[in-house]
Amino acid sequence: MSVVHINLPVPLRKLAKGATSIECQANTVLDALLKLDEIDASISARLLEDDRSALKRYINVYVDGKHISKTGGLQTTLANSSKLEIVTAFAGG
Amino acid sequence: MSYEQRAVHLRAAIPEIPAEQVLDMLRHDDAVLIDVRDAEEVKGGLPEPAQHLARGQLELNIHHLVDDVHRPIAVMCASGLRSLFAAESLINLGYTKVFSVRGGFKQWKDAGLPTRVPQQLSVFDRERYSRHLLIPEVGEKGQLRLKSSRVLLLGAGGLGSPVALYLAAAGVGTLGIVDPDVVESSNLQRQVIHGEDQLGKLKVDSAEAAIHRLNSQIKVIKHPVLLDESNALSLLQDYDLVVDGSDNFKARYLVNDACVKLGIPNVHGAIYRFEGYVTTFAASDEAPCYRCMYPELPPPEMAPSCAEAGVLGVLPGVIGLLQAVEVIKLLLGIGRNLSGKMLRVDALNNEFSMLDIDKAEQCLCSHHRDEIQIKPIEAFACAI
Ligand SMILES: [Zn+2]
C-alpha cells in the first residue's frame with residue numbers, strides 16, 4: 001500500500017472536521033476516494049457515480065498535477081507520497 | 001562644400017521620382033515608401049502607404065523596415081530636399097535602388113494622393129506610459145493597441161475591482177462593467193475600487209468615478225444589469241475580451257457559453273476563503289472551455305453556500321491581478337497564457353499549482369460554436 005496525500009475540496013472539509021487534507025493508504029485513485037468514507041460515510045457517493053465507474057461530472061481529480069483521465073482514470077495506480085487533488089468548482093468573485 | 005552646393009550635387013547624383021509614380025512603384029516593384037520627416041511633422045498626416053522613420057533614426061533602424069539592400073526605396077520628406085540627404089545615407093549603407101520623391105509630401109498632397117493620420121501617443125501619454133514604452137514587448141505599438149482595446153468586466157466586486165483599476169492605469173482604452181448591485185459596507189473589505197463615500201450607490205457609478213480619478217482618458221461603459229440568457233450576447237459582442245469576476249454559477253456558465261459562441265476570450269477567476277483559480281478560456285477551436293472542466297454544476301452539497309461565502313480580503317487582489325496580467329498579454333499577443341491550464345492558488349499554504357484542462361470532445365465548444373444557443377442556466381439560488 002502506498003501512503004498518499006489527499007487535498008480535500010472546500011465542501012468536504014466540514015465533513016472532515018475542518019481538515020484541508022488527509023493522508024491514507026491506497027493503491028489506486030478509487031481506493032483512495034473510498035477510504036474517505038472512513039471520515040464520513042457520505043463522501044465517496046458525492047464524488048463517484050453510483051456504480052463507482054466514473055467521477056461525477058462536476059468533480060475533477062488530479063494526481064501529482066495530472067488529470068486522471070490521462071493516467072488511467074479511477075484505476076490510476078498511486079505511488080508512495082502521491083498527491084491527490086480533488087477539485088470542485090466555486091464561483092465566488 | 002556649402003549646404004546649397006551639396007544639394008545641387010545630390011540632385012544630380014540621386015534619382016528623383018514624381019509623387020504620382022510612387023504608387024506604381026509600390027505596386028509593381030515591391031518598393032517601400034519611407035517618410036523621413038520628424039514625428040511632429042507627420043502628426044498632420046503622411047502618405048497612406050508610407051512607413052514613418054524620422055531622418056535622425058534612419059541609419060540605425062532602416063534594416064527593421066528593409067532587410068534586402070536591392071529592394072527599391074522611395075524616400076520622402078516635406079519638400080524633396082531632406083530626402084536627398086536621407087537617400088544618400090541609404091546608398092552609403094549599401095542600398096542599391098534608392099529614390100527621392102520630388103516635391104515631397106507637399107507635392108503628394110497637391111496631387112490628391114491618399115494620406116492617413118498616424119496613430120501616435122501624445123506627449124503626455126508618452127510620459128504617462130513611459131515604463132511601458134521601455135519594455136520591448138509593449139512599446140508604442142503595444143500601448144496604442146491597449147488604448148484601442150475594449151474589455152468587459154463581469155462584476156465590479158472583489159475580482160473586478162483590482163482588474164479595473166490596473167487595466168485603467170495600464171491604459172486599456174475602453175472598459176465595460178456589468179454589475180447591477182449597489183455598494184454595501186460588507187464589500188469594502190476587498191472591493192477596493194469602492195469607498196465609504198460610495199455606500200448605497202451603483203457599483204458601476206462608483207467604479208467609473210474611481211477609474212476616472214486614476215485615468216480620465218478611459219472610456220467607461222456602464223451596464224447596471226444582471227447578466228441573463230436574453231442579454232448575454234448583446235452585452236458581450238462589442239468587446240475584445242471578457243474578464244469573468246462574477247459571483248454565481250449562473251453567470252459563470254452564461255458567460256462561458258456566450259464567449260465560446262462569439263469567439264471572445266474569457267479570463268476566468270474564482271475565489272473562496274484562501275483559494276483561487278485563474279485561467280483563460282481562449283474560445284478558439286483548440287481551446288477548452290469552462291464546460292470542458294465542469295460539464296455540470298455541482299449540487300448544493302458540493303458547492304459552498306452563501307452562509308459559507310467568506311473570503312480573505314486580499315485574495316481577490318492576488319487572483320484579480322493574475323487575471324489582469326492575462327488580459328494585457330492576450331491584448332498584446334505576447335507571452336504564454338493560461339489556455340488549457342488552471343492556476344490554483346492556495347494562499348494559506350503558499351501553494352501554486354497548475355492543473356491541466358483538456359478540451360472535451362462532447363462539449364458544446366467542440367461543435368459548431370456559432371450555432372450555440374444561449375439557454376437559461378438552472379442554478380440553485382445560493383451558491384458561490
Ligand atoms: Zn468546452
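Since the structure is predicted, the reported quantities are computational estimates derived from the model, not experimental observations. (Residues numbered from 1 in each chain as written. Chains lettered and ligands numbered in written order. Predicted model: local features only at pLDDT ≥ 70, side-chain atom pairs only at ≥ 80, totals over all residues. Heavy atoms only, no water.)

### Some words on the overall build of chain A
Then step 1. Check the secondary structure of chain A and you find three helices and five strands.
Then step 2. The N-to-C order of helical and strand elements in chain A reads β-α-β-α-α-β-β-β.
Then step 3. For 93 residues, the compact-globule estimate of 2.2 N^0.38 gives 12 Å, and the C-alpha radius of gyration of chain A, at 12 Å, lies within 12% of that figure.
Then step 4. Once the C-alpha set of chain A is aligned to its principal axes, its extents read approximately 35 × 25 × 25 Å.
Then step 5. Burial status across chain A gives 54% buried among its 93 residues.
Then step 6. Total accessible area on chain A is roughly 4000 Å²; 48% of this is exposed by carbon and sulfur atoms.
Then step 7. If the 11 positive side-chain charges of chain A are averaged to one point and the 10 negative ones to another, these points end up 6 Å apart. (Helix = DSSP H or I, 4+ residues; strand = E, 2+ residues; numbered from the N terminus. Rg over C-alpha atoms; globule rule 2.2 N^0.38 Å. Buried < 20%, exposed > 50% of the residue type's maximum accessible area, 1.4 Å probe, protein only. Areas by Shrake-Rupley, 256 points an atom, 1.4 Å probe, with all protein chains shown as cover. Lys, Arg positive; Asp, Glu negative; His and termini not counted. Charge placed at Lys NZ, Arg CZ, Asp CG, Glu CD.)

### Re the packing of helix α1 (residues 3–13) of chain B against helix α5 (residues 82–92) of chain B
All names here are of chain B.
Then step 1. Direction vectors running N to C along α1 and α5 enclose 65°, while the axes themselves pass 10 Å from each other. For the element pair α1 / α5, the angle class is roughly perpendicular. In the crossing of α1 with α5, the sense of the turn from one axis to the other is left-handed. Contacts from Y3, R6, A7, L10 and R11 in α1 reach L84, F85 and E88 in α5. (Axes fitted to C-alpha atoms, helices over the stretch in contact; angles between N-to-C directions. Parallel < 35°, antiparallel > 145°, perpendicular 65-115°, else oblique. Left-handed = near helix turned anticlockwise from the far one by under 90°. Contact = heavy atoms within 4.5 Å.)

### Some points on the UniProt feature "domain: Rhodanese" (unreviewed entry) in chain B
Then step 1. Cross-referencing UniProt, the feature "domain: Rhodanese" (unreviewed entry) maps to residues 27–117 of chain B in the present numbering.
Then step 2. Secondary structure across residues 27–117 of chain B comprises 36% helix and 21% strand; the distance between its end C-alpha atoms is 22 Å. (UniProt positions renumbered as here; feature names shortened; annotations may be inferred.)

### Looking at the nonpolar core
Residue and element names in this part refer to chain B.
Then step 1. Membership of the largest hydrophobic core comes to 43 residues, with the highest contact counts inside it found for L227 and L236.
Then step 2. Looking at this core, the elements that each hand over two or more residues are β8 (150–154), α12 (232–236), α13 (249–262), β12 (266–272), β13 (275–281) and α14 (290–293).
Then step 3. In contact with L227, not counting residues within four places along its chain, are L154, A232, L235, L236, A251, L254 and V255.
Then step 4. With 29 residues, the next largest nonpolar core counts V151, L153, V243 and L332 among its residues. (Core = buried A, V, L, I, M, F, W, Y, C linked by side-chain atoms within 4.5 Å.)

### Considering the domain arrangement of chain B
Then step 1. Structurally, chain B comprises domain 1 (3–116) and domain 2 (149–380).
Then step 2. The centre of domain 1 of chain B, based on its C-alpha atoms, is set 48 Å off from the matching centre of domain 2 of chain B. (Domains from an automatic or database assignment.)

### Concerning the sheet that holds strand β11 (residues 241–244) of chain B
By definition, the strands of a sheet pair up through backbone hydrogen bonds, in either a parallel or an antiparallel sense.
All names here are of chain B.
Then step 1. Spatial strand order, β10-β9-β8-β11-β12-β13-β14-β15: eight strands in an open sheet with mixed pairing. Lying at the two open borders of the sheet, with one neighbouring strand each, are β10 (219–223) and β15 (351–356). Neighbour-to-neighbour, the strand axes of the sheet open up by a mean angle of 15°, direction not taken into account.
Then step 2. Strand direction decides the pairing type here: β8 and β11, joined by four bridges, are parallel. Opposite L152, over in β11, you have V242 as the bridge partner.
Then step 3. Contacting β8, β9 (174–178) and β11, helix α10 (residues 160–170) crosses the sheet at an angle of about 160° to β8. (Pairing = 2+ DSSP bridges.)

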